[in-house]
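Below, each chain spelled out in residue letters.
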Amino acid sequence: MKKYLLIFCLIAGVLSFTSCKNSNQEDLSVNTFEPTVSEEIAMNTQAKDPTPNKKVFESFIYDIGPRFGPIKRETVQNARSIDDFLNEEQLSKIEQINSVTIQVMEGIFASYFIEKGTSATFTEAQLKLLQSLKYSTSLMLLVEFQEMNNHENRLVYNYVSPYVTIVPEKQATYLFSEDTLKDYLRVNTEEVRADVDPEKLQAAKLYFTVTKEGAVENVRLDRSSFYPKVDETMINLMQNLPGSWTPAMNINGEFVDQELVVSFGLIGC
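1. So, the overall build of the protein
Next, step 1: Looking only at helices and strands, the protein has eight helices and 14 strands in total.
Next, step 2: The buried share among the 269 residues of the protein stands at 42%.
Next, step 3: If you take every contact in the protein between residues at least 6 apart in sequence, the share linking residues at least 24 apart comes to 69%.
Next, step 4: Looking at the protein as shown, the accessible area adds up to about 15600 Å², and 52% of this sits on carbon and sulfur atoms.

2. A few points about the packing of aromatic side chains
Next, step 1: In this structure the tally under the stated criterion is eight aromatic pairs.
Next, step 2: Considering the side-chain rings of F68 and Y163, the 5.2 Å spacing of their centres and the 50° angle between planes classify their relative orientation as tilted. Residue F68 is located in the loop between β1 (61–65) and β2 (69–72), and its partner Y163 is located in strand β7 (residues 163–167); the two are separated by 95 residues in the primary sequence.
Next, step 3: By relative accessible area, F68 is classed as buried at 16%.
Next, step 4: Accessibility expressed as a relative area gives 36% for Y163, which makes it partly exposed.
Next, step 5: Between the NZ or CZ atom of R73 and the centre of the ring of Y135, over which it lies, the distance is 5.0 Å.
Next, step 6: The lysine or arginine in question, R193, covers the ring of F60, its NZ or CZ lying 4.5 Å from the ring centre.

3. With respect to the nonpolar core
Next, step 1: Ranked by size, the top nonpolar core spans 52 residues in total, and within it F122 and L185 carry the most contacts.
Next, step 2: Discounting chain neighbours no more than four positions away, the residues touching L185 are I61, I64, M234, L237, M238 and V262.

4. Some points on the environment of Q202
Next, step 1: Take Q202: it is sitting in the loop between α7 (190–193) and β9 (204–210).
Next, step 2: For Q202, a relative accessible area of 39% corresponds to the partly exposed category.
Next, step 3: Placed 21 residues apart in sequence, Q202 and R223 show a C-alpha to C-alpha distance of 9.0 Å.
Next, step 4: The contacts of Q202, once residues within four sequence positions are left out, are S224, S225, F226, F264, G265 and L266.
Next, step 5: Among the polar contacts listed, one links the side chain of Q202 to the backbone oxygen of K200, at a separation of 3.0 Å.

5. As for the sheet that holds β9
Next, step 1: Spatially, four strands are ordered β1-β14-β9-β10 in an open sheet, and the strand pairing comes out antiparallel. The strands lining the two open edges of the sheet, one partner per strand, are β1 and β10 (216–221). Sheet twist, expressed as the average angle between the axes of neighbouring strands with direction ignored, equals 15°.
Next, step 2: Two strands pair when backbone bridges link them, and β9 and β10 are joined in this way by four bridges, in the antiparallel orientation. Bridge pairing in β10 links V210 to V216.
Next, step 3: Relative to β1, helix α6 (residues 178–187) is tilted by about 135°, and along the sheet it contacts β1 and β14 (258–264).

6. Notes on the pairing of strand β6 (residues 154–160)
Next, step 1: One ladder, built from seven bridges, connects strand β5 (residues 138–149) with β6; its direction is antiparallel. Each bridged residue has a counterpart across the sheet, and for E144 the counterpart in β6 is Y159.
Next, step 2: Linking β5 to β6, which pair antiparallel, is a turn of four residues; within it N153 sits at a positive phi near 55°.

7. A look at the side chain of S81
Next, step 1: The residue S81 is located in the loop between α3 (73–78) and α4 (88–92) in this model.
Next, step 2: You can call S81 buried: its relative accessible area is 14%.
Next, step 3: Apart from residues no more than four positions distant in its own chain, S81 is found in contact with A120, T121 and F122.

8. A few points about the packing of α6 against helix α8 (residues 228–239)
Helices that pack against each other are described as a pair by the angle of their axes relative to one another and the distance between those axes.
Next, step 1: Contact geometry for α6 and α8: axes closest at 10 Å, N-to-C directions at 135°. If you check the angle between α6 and α8, you find them oblique. α8 is crossed by α6, and the crossing has right-handed handedness. Contacts between α6 and α8 involve L181, Y184 and L185 from the former and M234, L237 and M238 from the latter.
Next, step 2: In terms of residue class, the contact of α6 with α8 is made up of six nonpolar, no polar and no charged.

9. Things to note about the environment of V196
Next, step 1: Among the secondary structure elements, V196 is positioned in the loop between α7 and β9.
Next, step 2: Owing to a relative accessible area of 9%, V196 belongs among the buried residues under this scheme.
Next, step 3: In the structure, V196 is positioned 30 residues away from F226 in sequence and 9.6 Å away in space, judged by C-alpha atoms.

Thresholds applied
- Residues numbered from 1 in each chain as written.
- Predicted model: local features only at pLDDT ≥ 70, side-chain atom pairs only at ≥ 80, totals over all residues.
- Heavy atoms only, no water.
- Helix = DSSP H or I, 4+ residues; strand = E, 2+ residues; numbered from the N terminus.
- Buried < 20%, exposed > 50% of the residue type's maximum accessible area, 1.4 Å probe, protein only.
- Contact = heavy atoms within 4.5 Å.
- Areas by Shrake-Rupley, 256 points an atom, 1.4 Å probe, with all protein chains shown as cover.
- Phe/Tyr/Trp six-rings, centres within 6.5 Å; stacked < 30°, edge-to-face > 60°.
- Lys NZ or Arg CZ within 6 Å of the ring centre and 35° of its normal.
- Core = buried A, V, L, I, M, F, W, Y, C linked by side-chain atoms within 4.5 Å.
- Polar contact = N/O pair within 3.5 Å; in protein donor to acceptor, adjacent residues only side chain to side chain.
- Pairing = 2+ DSSP bridges.
- Axes fitted to C-alpha atoms, helices over the stretch in contact; angles between N-to-C directions.
- Parallel < 35°, antiparallel > 145°, perpendicular 65-115°, else oblique.
- Left-handed = near helix turned anticlockwise from the far one by under 90°.
- Nonpolar A, V, L, I, M, F, W, Y, C, P; charged D, E, K, R; others polar.

In structure tokens, the structure reads:
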């Protein structure tokens, strides 16, 4: 019992150091920091009288995981048609296919890796592209088709475009749970979010890799949230994240690297 109590205390101490460097606060669920006039100036904000118990908007960290909906690599490599990507409701609408496009996504942009076909069954080029994709690769499947408009009794144009990210058989997991990680990032950004205007805050994604050794590496921001202090704090928090990760595992039971994404700011792509 004493051993577990000691471990818990050590973890609590590490979790609280980022947001409480100059205080005796030990509870991460409460942040009582109130910037002084000089501190506000240093943060390039307009100086004003400090307001006790100033409220900070809570809708900030809204997702941690693969960039898009997860799909296992084995499913992608064994896929032969759009049936492996679309659900029954989506498939039931298709009367006639116009085109099927597979496009790899890099960052916030579509890459030049594009293969097109004209049927539900993938072409040889499309199969070759799918089978070449690695873990953490994101792709978009654009199916353009004709569906029946029952009111007008004629075929009309429609499309469906699922975005997916290739994940290992078992994804990487944080020792203290995803909710704990969200709380850690939310609480320790309260200081820099004190003067953020939610209407000006932009959607941003913080990419990081959990290596097969369980370490966090390659922390990078895909674009600014429009508040540099927020961006910088988020990067520093992930680079100094306490605790450990259980690495991702492939179908053969081998540990592999996995890239994950922290989505913060406003909800966006």
